[in-house]
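Structural characterization, general
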Amino acid sequence: MGDRDDREAIGRRVQRLRAERGMTQRQLAEPAYTPAYISTLEAGRVRPSDEALRHLAERLGVGYEELATGRPARLATDLRLRLTEAQRTLATEGAERAAGQYAALLAEAEEYELADERAAALLGLGECAVETGELVTGRRYFERAEECLAEAGAPLPARVPALRGRALAHYLAGELRYAVYLLETTLDELNRGGLHDPDALLLLYASAIGPYMDMGAHARAAQAAELALSLAPSAGDPALVARMHRSVARTLLAEGRLAEADASLAKAAELYRTLQLRTELANCHWMRGYVYAQNGELPRAEAEMREALGMLSATRAALYSSQVAVELADVLHRRGKSEEAAELLHGVLDDLSSERGAVHSAGAHRLLGIIAEDARDTEAAEEHYVRALSLLERAGAAGDLADLCRLLGDLLRRTGRVEAALDAYRTGLGHRTAPGTTTLGPAPAQPPL
């Protein structure tokens, strides 16, 4: 509402408060000042000293800070407390209700020009939008938060949550390479600049694991997981440590270390239980279901994924619900429940697209293709495989692309189209020529450990 040095704003404020209290200029001025001084001050023709402001604040019954800046006393503290409550709402009751709280907080923070609280509210709105699948909206909130912090002169570690949010929105939209570019560029800047903030580094390394895995960059994912684990003891945020354990489980799975992956997820689940973070806890059930599915324990996998789907649906986490539904459908298919699996997939495909959950959208089409092949409907199977191929090529998910090219090649070969089958196989082999690598260039600089 105006800076301490804005004499016109202070003058208007003094005049408004005096009028609200029914005081004359003489009553406000005495005993230290004259009515003429108050008149000049209210007209904005003089800049009051700190001593004068304290006298006026006492006479008007307001705090010095409120009179000087227009911000009610304890406003920033109250906003921070309400931000914490909104974060808890997002974690335990879902994005829809939390978004309303964050929007109200943003309006107040903007009214009183509180940069840190404004950025925190924008971050919260970004998280809410991502959880409900509004990825473009979420990305814009994260960009605004980053701009707000940069304008306020915040150091890079303080801007990392906003940068990570942008990367997450791009990742979930299927833009894997750009997501990795954002994360690696920020890691390089932190490490080369000597800004070794454990929470910021842990958040970035843990966030990079998913895109690396989907791109087939298993070696780099394993390195990121190792660095994240080494940073965990120094991190001060238990929710961040829990998220790290969940991300690291993915690389352990890729290496066939199923027991260790399950143990990592159990640690994450316990932390989330303590923190009452329902969405993250649901994600732990989801990943544990994936562990069991990889280990062939399909009944346990189905139970965990159904638990995850129920929790995510309850919090209206639309995008995550659709993604876990695809993986649950795969388990159902492997258990011989193909009709139920197909019904589940058709029910979520409208919520997934090339711009919104591209990798899982491709997974849904891949599985529908397999189910169609089992039913001897080769035309439908081919259509689903081709749609999946288009989605994965856009996302750059190398490992999934190679597997899908094999499936498509086998289908084309069985239907007598040998040349087309060979083209599909060659495409698949092109994504297998350098396992564990990508065209991303050198890995980001590492922190001193």
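Criteria and thresholds
- Residues numbered from 1 in each chain as written.
- Predicted model: local features only at pLDDT ≥ 70, side-chain atom pairs only at ≥ 80, totals over all residues.
- Heavy atoms only, no water.
- Helix = DSSP H or I, 4+ residues; strand = E, 2+ residues; numbered from the N terminus.
- Contact = heavy atoms within 4.5 Å.
- Areas by Shrake-Rupley, 256 points an atom, 1.4 Å probe, with all protein chains shown as cover.
- Lys, Arg positive; Asp, Glu negative; His and termini not counted.
- Charge placed at Lys NZ, Arg CZ, Asp CG, Glu CD.
- Salt bridge = Lys/Arg side-chain N within 4 Å of Asp/Glu carboxyl O.
- Buried < 20%, exposed > 50% of the residue type's maximum accessible area, 1.4 Å probe, protein only.
- UniProt positions renumbered as here; feature names shortened; annotations may be inferred.
- Axes fitted to C-alpha atoms, helices over the stretch in contact; angles between N-to-C directions.
- Parallel < 35°, antiparallel > 145°, perpendicular 65-115°, else oblique.
- Left-handed = near helix turned anticlockwise from the far one by under 90°.
- Nonpolar A, V, L, I, M, F, W, Y, C, P; charged D, E, K, R; others polar.
- Expected span 1.5 Å × (residues − 1).

As annotated in an unreviewed UniProt entry, the protein is Helix-turn-helix transcriptional regulator from Streptomyces lancefieldiae.

A tally of helices and strands in the protein yields 23 helices and zero strands. For the protein, the spread of C-alpha atoms along the principal axes amounts to about 100 × 45 × 40 Å. Within the protein, contacts between residues at least 6 apart in sequence are counted, and of these 62% link residues at least 24 apart. As displayed, the protein has an accessible area near 20,300 Å², and 49% of this comes from carbon and sulfur atoms. Positive and negative side-chain charges in the protein, numbering 53 and 67 respectively, have mean positions lying 2 Å apart.

For the structure shown, the criterion picks out 27 salt bridges. Of the charged contacts, one joins Arg-335 and Glu-302 as a salt bridge, the two residues approaching to 2.6 Å between their closest N and O atoms. Residue Arg-335 is located in the loop between helix H18 (318-334) and helix H19 (338-348), and its partner Glu-302 is located in helix H17 (residues 298-314); the two are separated by 33 residues in the primary sequence. By relative accessible area, which is 35% here, Arg-335 ends up partly exposed. Judged by relative accessible area, Glu-302 falls into the buried class, the value being 8%. Residue Glu-340 is joined to Arg-306 by a salt bridge in which the shortest nitrogen-to-oxygen separation is 2.8 Å. Within this pair, whereas Glu-340 is found in helix H19, its partner Arg-306 is found in helix H17, the two being separated by 34 residues in sequence. Linked by salt bridges that have partners in common, Glu-302, Arg-306, Arg-335, Lys-337 and Glu-340 make up one network.

Once that is clear, we can look at the UniProt feature "domain: HTH cro/C1-type" (unreviewed entry) in the protein. Per the UniProt entry, the sites bearing "domain: HTH cro/C1-type" (unreviewed entry) are residues 14-67 in this numbering. For residues 14-67, helix accounts for 65% and strand for 0%, while the C-alpha atoms at its two ends are 7 Å apart.

A few words on the packing of H18 against H19. Two quantities define a packed helix pair, namely the angle between the axes and the distance from one axis to the other. Between H18 and H19, whose axes approach to 8 Å, the crossing angle comes to 165 degrees. One element, H18, and the other, H19, form an angle in the roughly antiparallel class. Here H18 and H19 pass one another in a crossing that is left-handed. Only Ser-338, Glu-340, Ala-341, Leu-344, Leu-345 and Val-348 of H19 make contact with H18, whose side of the interface consists of Ser-322, Ala-325, Val-326, Leu-328, Ala-329, Leu-332 and His-333. Looking at the contact of H18 with H19, its residues break down into nine nonpolar, three polar and one charged.

Between its terminal C-alpha atoms helix H21 (residues 378-395) stretches 26 Å, which fits the 26 Å expected from 18 residues at 1.5 Å a residue. On the buried face of H21, the contacting elements are helix H11 (176-192), helix H20 (358-374) and helix H22 (398-414). Among the residues trailing H21, Gly-396 stands out with phi positive, at a value near 75 degrees.

Time to look at the environment of Ala-293. Relative to the helices and strands, Ala-293 resides in helix H16 (residues 278-294). Overall, Ala-293 belongs to the buried group, its relative accessible area being 4%. Along the primary structure Ala-293 and Leu-429 are separated by 136 residues, whereas in three dimensions their C-alpha atoms are 26 Å apart.

Let's shift gears to H16. Over its 17 residues, H16 runs 24 Å from end to end, which matches the ideal 24 Å to within 8%, given 1.5 Å per residue. Buried residues dominate H16, accounting for 14 of its 17 residues. Backbone geometry just downstream of H16 places Gly-296 in the positive-phi region, at approximately 80 degrees.

Right, let's talk about unusual backbone geometry for a bit. Cis rather than trans, the peptide bond between Glu-30 and Pro-31 has omega equal to 0 degrees. As for its position among the elements, Pro-31 is in the loop between helix H2 (25-29) and helix H3 (35-42). Of note in the backbone geometry, Arg-376 takes a positive phi value of approximately 65 degrees without being a glycine. In this structure, Arg-376 sits in the loop between H20 and H21.

For the pair helix H10 (residues 156-172) and helix H12 (residues 198-214), the least separation of the axes is 9 Å and the interaxial angle reads 15 degrees. Judged by the inter-axis angle, H10 sits roughly parallel to H12. Crossing hand, H10 versus H12: left-handed. Note on element contacts: H12 touches H10 through Ala-200, Leu-203, Leu-204, Ser-207, Gly-210, Pro-211 and Asp-214, opposite Pro-157, Val-160, Pro-161, Arg-164 and Tyr-171. Class assignment of the residues belonging to the contact of H10 with H12 gives a composition of eight nonpolar, two polar and two charged.

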